[in-house]
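# Reading the structure
This is what each chain is made of:
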Amino acid sequence: MTVLRTEGADAPEPPPEERKSRWKPADLRRKLLIGTVALWAVAITALVVVRDGGGNDAPAGGAPSASPSASAAPLTVAEVYQALSPSVVLIQTTGQTDAGTGTGVIANADGSILTALHVVEGAGSIQLTYADGTKSGAVIASADPEQDIAMITPQKLPETLVPAVMGGGVAVGDDVVAIGNPLGLTWSTSSGVVSGLDRRLDRDDRSAIEGLIQFDAAVNPGNSGGPLINTRGQVIGIVVALANPTDAGTFIGIGFAVPIGAALGSGDQGDGQAPPL
């Protein structure tokens, strides 16, 4: 553009020289592109961190998350033993034809103990030994000859009393654990499955019991009165007998337990039992 000026007027000062950019247009475009990419990278990284919670918080609500319940999850045999062995007692009797050994399970917060009646019936004295070594005498509080079940009351309780959890459904094929004192081998455990339900067994001196649980966890004389336990740690039955067609009286794969409902007096079963342990 041409600039007109009047004659004699001072020439205006020349405009200051424009500063030349250090960057060529091509360099500037490259820098802008790199900056834009960097900003996008930062934004995407921040989004990932927020969605993942920084790796420390709970997963997003849409993602599946495991929340197992301790009471519902099946226990291993070792876990069942650890949980239930403090509730199991050794029973030793005198005054019968000879001294006897059996098992009982703490069934109530008052210390009452469930066992098989034939373990304590006719005994002159009943001696209990708890898992912590505490010893106590006991007396029969109630008896159900038709179920071969007795409730006994200890004269002394251990410092820490651990009643077992009673109840729970049972089906053929369910895993089970038995804890007891077979042949005097105290606090022994074995495992197996429920082999059958509603079994009937006969005794020589009393009528038959109906509705027994058949199982194949190993039991032998001394297990009588002990708990049959499911994998949730619940006592589902009281061990009362084993089947052996010989006179040996040892385990050949068939044991029987009174369902816990009947053992606690809620059943309407018949009588009697089978070869006692």
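Residues numbered from 1 in each chain as written. Predicted model: local features only at pLDDT ≥ 70, side-chain atom pairs only at ≥ 80, totals over all residues. Heavy atoms only, no water.

Turning to the overall build of the protein chain, a few remarks are in order. When helices and strands are tallied, the protein chain shows four helices and 13 strands. A total of 277 residues make up the protein chain; the buried ones form 36% of that total. The contacts of the protein chain with a sequence gap of at least 6 include a subset with a gap of at least 24, amounting to 62%. As displayed, the protein chain has an accessible area near 16100 Å², and 55% of this comes from carbon and sulfur atoms. (Helix = DSSP H or I, 4+ residues; strand = E, 2+ residues; numbered from the N terminus. Buried < 20%, exposed > 50% of the residue type's maximum accessible area, 1.4 Å probe, protein only. Contact = heavy atoms within 4.5 Å. Areas by Shrake-Rupley, 256 points an atom, 1.4 Å probe, with all protein chains shown as cover.)

Take Asp198: it is sitting in strand 9 (residues 188-201). Asp198 sits in the exposed class, given a relative accessible area of 63%. Between the C-alpha atom of Asp198 and that of Glu210, which follows or precedes it by twelve residues, the distance is 6.2 Å. Discounting chain neighbours no more than four positions away, the residues touching Asp198 are Gly211 and Leu212.

Here we come to the environment of Val235. Inspection of the secondary structure puts Val235 in strand 12 (residues 234-242). Val235 sits 151 residues away from Leu84 along the chain, and the two C-alpha atoms are 8.9 Å apart. The contact partners of Val235, leaving out residues within four places of it in the chain, are Leu84, Val105, Ala164, Val165, Met166, Gly167, Pro227, Leu228, Ile229 and Ile260.

On to the confidence of the model for the protein chain, then. Confidence in the prediction for the protein chain averages 79 pLDDT; 69% of positions are at 70 or higher. In this model, residues 41-70 is a region of pLDDT below 50 whose contacts with residues beyond four sequence positions or in other chains number two contacts. (pLDDT = per-residue confidence, 0-100.)

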